[in-house]
Amino acid sequence: MPKHKTLAFFIPHWGCPHQCTFCDQHTISEAVHAPTPDEVTDACRTMLARSGRLENAEIAFFGGSFTAVELSYQNALLAAAQPFLGTGKFQGIRISTRPDAVDAGILRRLAQYHVTAIELGAQSMQDRVLEKNERGHTAQAVRDASAAIRRMGFSLGLQQMVGLYGSTLADEYDTLEQLLWCRPETMRIYPTVVLEGTKLAECCQPGVYPILSQEEVLEFCADALCRCAQEGVRVIRMGLHDTPSIRERMVAGYYHPAYRELVESRLYRRALEQAVAEAGTSELFVKTAPGTMSKLLGQHGCNRKWMAERGVMLKAMETSEVSKGEIVAEEKSYSIICNGKK
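Computed from a prediction, not measured in an experiment: that's the story for all the values here.

1. A short note on the sheet that holds strand β10 (residues 283-288)
Spatially, the 4 strands line up as an open sheet ordered β11-β10-β12-β13, and their pairing is mixed. Looking at which strands have only one partner, the edges of the open sheet turn out to be β11 (313-318) and β13 (332-335). Looking at each pair of strands side by side, their axes are set apart by 30° on average, direction ignored. Relative to β13, strand β12 (residues 326-329) runs antiparallel, the two being bridged by 4 bridges. Bridged to V328 within β13 is S333.

2. Observations regarding the pairing of strand β6 (residues 186-191)
The buried fraction of β6 amounts to 6 of the 6 residues, a majority that puts the element mostly inside the structure. Here β6 shows no split at all, with T186, R188 and Y190 on one side and M187, I189 and P191 on the other all buried. Direction of pairing for strand β5 (residues 155-162) relative to β6: parallel, over a ladder of 6 bridges. Bridging from a neighbouring strand, V162 pairs with P191 of β6.

3. Overview of the side chain of R188
Here R188 is to be found in strand β6. Ignoring sequence-local partners within four residues, the contact set of R188 consists of F62, R94, E119, L158, Q159, Q160, I236 and R237.

4. Let's talk about the state of the cysteines
Applying the stated rule across the entire model yields 0 disulfides. Summary of cysteine pairing: C182 is not part of a disulfide, and the nearest cysteine sulfur, belonging to C228, is at 12 Å. Just so you know, C203 is unpaired, no disulfide at all, and the nearest cysteine sulfur is the one on C204, 6.8 Å from it.

5. Focus on the environment of K287
Within the secondary structure layout, K287 lies in strand β10. Once residues within four sequence positions are removed from consideration, K287 is found in contact with M317, T319, E321, V322, I327 and V328.

6. Quick notes on the environment of R98
As for its position among the elements, R98 is in the loop between β3 (92-97) and α4 (104-112). Here the side chain of R98 touches D100 through a polar contact of 2.9 Å, side chain to side chain. Only 2.6 Å separates the side chain of R98 from the backbone oxygen of R135, close enough to count as a polar contact.

7. Some points on the sheet that holds strand β4 (residues 115-123)
Within a beta sheet, neighbouring strands are joined by backbone hydrogen bonds and run either parallel or antiparallel to one another. Pairing is parallel across the open sheet formed by 7 strands, whose spatial order is β1-β2-β3-β4-β5-β6-β8. Two strands close off the open sheet at either side, each with one partner strand: β1 (5-10) and β8 (234-238). Taking the axes of each pair of neighbouring strands and ignoring which way they run, one obtains an average angle of 20° across the sheet. Sheet analysis places β3 next to β4, joined by 5 bridges and oriented parallel. Of the residues in β4, the one forming a bridge with R94 is A117. Contacts from helix α7 (residues 169-181) reach β4, β5 and β6, with the element oriented near 175° to β5.

8. Focus on unusual backbone geometry
The residue E134 is not glycine, and still its phi comes out positive at about 55°. Take E134: it is sitting in the loop between α5 (127-132) and α6 (139-151). In the Ramachandran plot, H300 falls in the positive-phi region, its phi being about 55° despite a non-glycine side chain. By secondary structure assignment, the location of H300 is in the loop between α11 (293-297) and α12 (302-309).

Conventions adopted
Residues numbered from 1 in each chain as written. Predicted model: local features only at pLDDT ≥ 70, side-chain atom pairs only at ≥ 80, totals over all residues. Heavy atoms only, no water. Pairing = 2+ DSSP bridges. Helix = DSSP H or I, 4+ residues; strand = E, 2+ residues; numbered from the N terminus. Axes fitted to C-alpha atoms, helices over the stretch in contact; angles between N-to-C directions. Buried < 20%, exposed > 50% of the residue type's maximum accessible area, 1.4 Å probe, protein only. Contact = heavy atoms within 4.5 Å. Disulfide = S-S within 2.5 Å. Polar contact = N/O pair within 3.5 Å; in protein donor to acceptor, adjacent residues only side chain to side chain.

Next up, the structure:
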């Protein structure tokens, strides 16, 4: 399968009718200004010239609530992208927006501009959590918008923020199941990062917020990756992109520059735990697929240390005999992605 490519343009805050407690898109995206149609044209032309022939690539408008920005600006950006769509070029356009900024008329217009995928910033499916974080929409708005998007033939993407103000661990698992019920094709899962200057930062007092521990959020994200795989939903992002501004302005939350690596390493640890329990040995020799040793051993060798603390010595090697997504220990295969908690 060709590697998926995205040419992303960020439109921070434009169109958002609410200032959510956690939101600072300028810091998250590091976007200095919203793109002009000419900049979209130039970037598309440059990427196409460099790649020669694009396959499985999309033009994306992210960052704000695209369908809520000024209509003439929306149409100008979409029009600028049109010459670069088609065979051998970009396969379509992806946008992100709010659940309450979608209706049948908007969707028909997007279809005319060859938009193929729409992502909704659902964040939570708990109305009280949405209200506490000043989202300005309800969980029902997510359900309604998701259904409308699917009816019109768009690819649906949903985004969940883990550990928002007022959210419990039970809320997170319930939100995940409700989002999966909406039948998205893709999901992004973002552990909450609290940035200075946001309303959420004002809540960061000991014993008040955050409620969930780093371990709880990591375990949840590991379970979420498994559940999405079970439902055939691709998780196309886990954790925020690493940027200097995020690291400089973060005051609390659940951040790591390679959060997905942490989550996948946790799944490897679960598989190792199962292998140790079944082998009943103090020394475990494990085979893993090429390029997966760092995930098997964990960040800074944390999985190896975890096993050593339990009296088990881990020895491992990479080999093409093992497929990605599994390990082999004592001649038995163990799945990585299916080791989610029931």
